[in-house]
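Here is how the chains run, residue by residue.
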Amino acid sequence: MTSTEDSEILKTLFQYQHGFLVSKIMFTAAELGVFDLLRESEEPLTAEAIAEGLGTSRIGMQRLLEACVGLKLLRMEMRDNKGFYGNTALADLYLAKSSPKSQYSFMQLDSEFYYPSFQNLADVVREGKNQIRSIHESSVKDFFRALYRSEEGIQLYFGAMKNAWTLYCREIISECDLSQFRHICDLGGGSGIFAEEHILTYPNSSVTIFDLPEVVEKAKKNFEGLEESRISFQGGDFFKDSVPEADLYILSRILHLWDDEKCMQLLTKLYKACKPGGGVLVIEPVLDEERVRSFGAHFASIKLLVHTDGKTRTPSEHKALLTAAGFKEIQAKHRSVYGALLGRK
């Protein structure tokens, strides 16, 4: 091994070993409002000005800003022996809460909800099953009810899903022609992201949001000012209760929460509910067939291992589930982390 090769290996080791610090530095700067303050400022600011503006200690802020410069989240220029800090394009676009493409809510969900639970990852791997039964309750539904216990928890999750939709799902859904489906049922769609965008894209369509009753009650507040006649709500459990009639059923980031048996149960139920010509649209993080790339889907897979009995799947595995449930003419699209599969009856 040459010294150059050894140096690259050590660099990789250092990055991976300290990766948790990278996340927490970024999460902390976002939480404190560093990126928003600099985004709103018309010029770069000193560490003292930033600390004063955000109500933090000067020494703590100085070190945080320097670390952010090292991570290329911020840029720094020297003037009269003083450092002046400004956002990089990455921070302006994705880290500031005020940006239309902000990922702040998703980072907050990772930091406050997922991050602490990963302390149990070794035990999860040893036992091969999630630890949620000892942490919260006994099922995926109750896992989300644990997250939804407060208004803040619901809004945090809704915000995180909106962040993911903006960056990863919108590009997928834009490639799917759904104009032939007049009425859509979004199962587990309490965040309302798909419903809002769909009625704007297809003026003659309507959407029913079907989710847990407590989620539906909170979700209604997010639709004030929108055309209520085109968006309706129904509370229930899509495994136990009848689903609303629809031309197309949407399962956006739903199937990966469950094992194959539960997925088959749900897909078969939807196939029976579909009219001829109707269908189901599945939007999921998708693994490549060789399972060696798709890092985003692999990260999602580890989260699922810790929190649910679900898993991420390859396009062929998704197609197999849809085919076994009875769906035909399956079309698949895949971009970056997420993929979409449309099956017809």
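The coordinates are above.
Residues numbered from 1 in each chain as written. Predicted model: local features only at pLDDT ≥ 70, side-chain atom pairs only at ≥ 80, totals over all residues. Heavy atoms only, no water.

**Examining the overall build of the chain**
Along the chain, the regular secondary structure elements total 16 helices and 10 strands. Relative to the globule expectation of 20 Å for 345 residues, the C-alpha radius of gyration of the chain, 22 Å, shows essentially globular dimensions. Projected onto its principal axes, the C-alpha positions of the chain cover 75 × 55 × 40 Å. Within the chain, the fraction of its 345 residues that count as buried is 46%. The long-range share in the chain, meaning contacts at least 24 apart out of those at least 6 apart in sequence, stands at 67%. Counting every atom, the chain has about 17,500 Å² of accessible surface; 52% of that belongs to carbon and sulfur. The chain carries 41 positive and 48 negative side-chain charges, and their two centres are separated by 4 Å. (Helix = DSSP H or I, 4+ residues; strand = E, 2+ residues; numbered from the N terminus. Rg over C-alpha atoms; globule rule 2.2 N^0.38 Å. Buried < 20%, exposed > 50% of the residue type's maximum accessible area, 1.4 Å probe, protein only. Contact = heavy atoms within 4.5 Å. Areas by Shrake-Rupley, 256 points an atom, 1.4 Å probe, with all protein chains shown as cover. Lys, Arg positive; Asp, Glu negative; His and termini not counted. Charge placed at Lys NZ, Arg CZ, Asp CG, Glu CD.)

**Describing the pattern of salt bridges**
Summed over the entire model, instances satisfying the criterion amount to 10 salt bridges. The residue D123 makes a salt bridge to R126 at a minimum N-O spacing of 2.9 Å. Of the two residues, D123 and R126 are both situated in helix α8 (residues 121-127); the distance of 3 residues between them amounts to about one turn of the helix. Residue D123 is classed as partly exposed on the basis of its relative accessible area of 33%. (Salt bridge = Lys/Arg side-chain N within 4 Å of Asp/Glu carboxyl O.)

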